[in-house]
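Chain by chain, the residues run as shown.
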Amino acid sequence: MDTVTYDDVHVNFTAEEWNLLDPSQKNLYKDVMLETYQNLSAIGYSWEDHHIEEQHRSSRRCGRHERSHTGMKPYECNQCDKAFSHHGHLQYHKRTHTGERPYECNQCCKAFAKPSHLQYHKSTHTGEKPYECNQCCKAFAKPSHLQYHKRIHTGEKPYECNQCGKAFSCHSSLQRHKRIHTGEKPYECIQYSKTFSCHTNLQIHKRTHTGEKPYECNQCGKAFSSHSNLQSHKSTHIGEKPYDCNQCGKAFSYHRHLQDHKRTHTGEKPYECNQCGKGFTQQSHLQRHKRTHTREKLCYVINVEKPIYK
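**Notes on the overall build of the chain**
A tally of regular secondary structure across the chain gives 12 helices and 16 strands. Across the chain, contacts joining residues at least 24 apart in sequence account for 9% of those joining residues at least 6 apart. For the chain, the exposed surface amounts to about 22,400 Å²; the carbon and sulfur share of it is 48%.

**Topic: the side chain of arginine 95**
Among the structural elements, arginine 95 can be located in helix α5 (residues 87-98). A residue is classified by how much of its surface remains accessible, and arginine 95, at 15% relative accessible area, is buried. Discounting residues that sit within four places of it in the chain, arginine 95 has contacts with Glu100, Pro102, Tyr103 and Ala113.

**Some words on the confidence of the model for the chain**
Counting all residues, the mean pLDDT for the chain is 77, and 75% of those residues have values of 70 or more. In the predicted structure, residues 49-56 sits below a pLDDT of 50 and forms 7 contacts with residues beyond four places in sequence or in another chain.

**Some points on the pattern of salt bridges**
What the rule picks out here adds up to 4 salt bridges. Ionic pairing is found between arginine 151 and glutamate 156, a salt bridge with its closest N-O pair at 3.7 Å. Residues glutamate 212 and arginine 207 are paired through a salt bridge, measuring 3.8 Å at the closest nitrogen-oxygen approach. On the basis of relative accessibility, which here comes to 17%, the residue arginine 207 falls in the buried class.

Cut-offs used in this document
- Residues numbered from 1 in each chain as written.
- Predicted model: local features only at pLDDT ≥ 70, side-chain atom pairs only at ≥ 80, totals over all residues.
- Heavy atoms only, no water.
- Helix = DSSP H or I, 4+ residues; strand = E, 2+ residues; numbered from the N terminus.
- Contact = heavy atoms within 4.5 Å.
- Areas by Shrake-Rupley, 256 points an atom, 1.4 Å probe, with all protein chains shown as cover.
- Buried < 20%, exposed > 50% of the residue type's maximum accessible area, 1.4 Å probe, protein only.
- pLDDT = per-residue confidence, 0-100.
- Salt bridge = Lys/Arg side-chain N within 4 Å of Asp/Glu carboxyl O.

Right, dumping it as structure tokens:
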């Protein structure tokens, strides 16, 4: 008779199958497989490296998977104490401290901290967008972008601010919003010490120094420093106004114009003068207002009784 091999007694679950087991079944599986391993070792079983490695990978996938349900985060960063459920996630996180970006694009030499980020970046060169919405057929380079987009159709906004109750469709938008309350601006331009609440705004700002305008209109050739500005510009060619106010139905070509308009309903005035405290609904209105202070100072300096500017 042929001798019993490890493959004859080993049961390997897929992640989906493992998820269907209850805790007692999972514990039973672990106990049985451990006992089998010990028994075969006791009788001098010759383990083949690929069998051991395969079982090791399988068991690792099942620890990692269980942590997604328990919320356990055993891997902690020794610099900022942030914790992670997977060791690989901790390694990626550490690169935010070291600045290490080992994955480089062979077309433009731009470097990334994660291989997945490099793969997504490469699609900007190829134009590939493999993830398509089954409702409107709009395509995306990243699966996460498709998931966020789908919430436009469903109206789902699962991320809620615990201070003002405002809800968002994606977690990163909530994090950016929270900085409105805290005033935190962690991203700083080293040339002018100007700070920003989100990394994207810093990158766009840097282009004012370099003059870089990587986003070009394929109809008129006009170039822009940010993708959002290009998208807004394109709507001027077709007369499209894709941004609708959900309160009065008024439509706008630019998202920022919609945001400014919405404040006429809410009364929100987020742009405040640091000299007199007066608030404004739009940044441009604040800038115009600041000039009145500049003019007042000018009049005082030259000792003019009546202001030159009205």
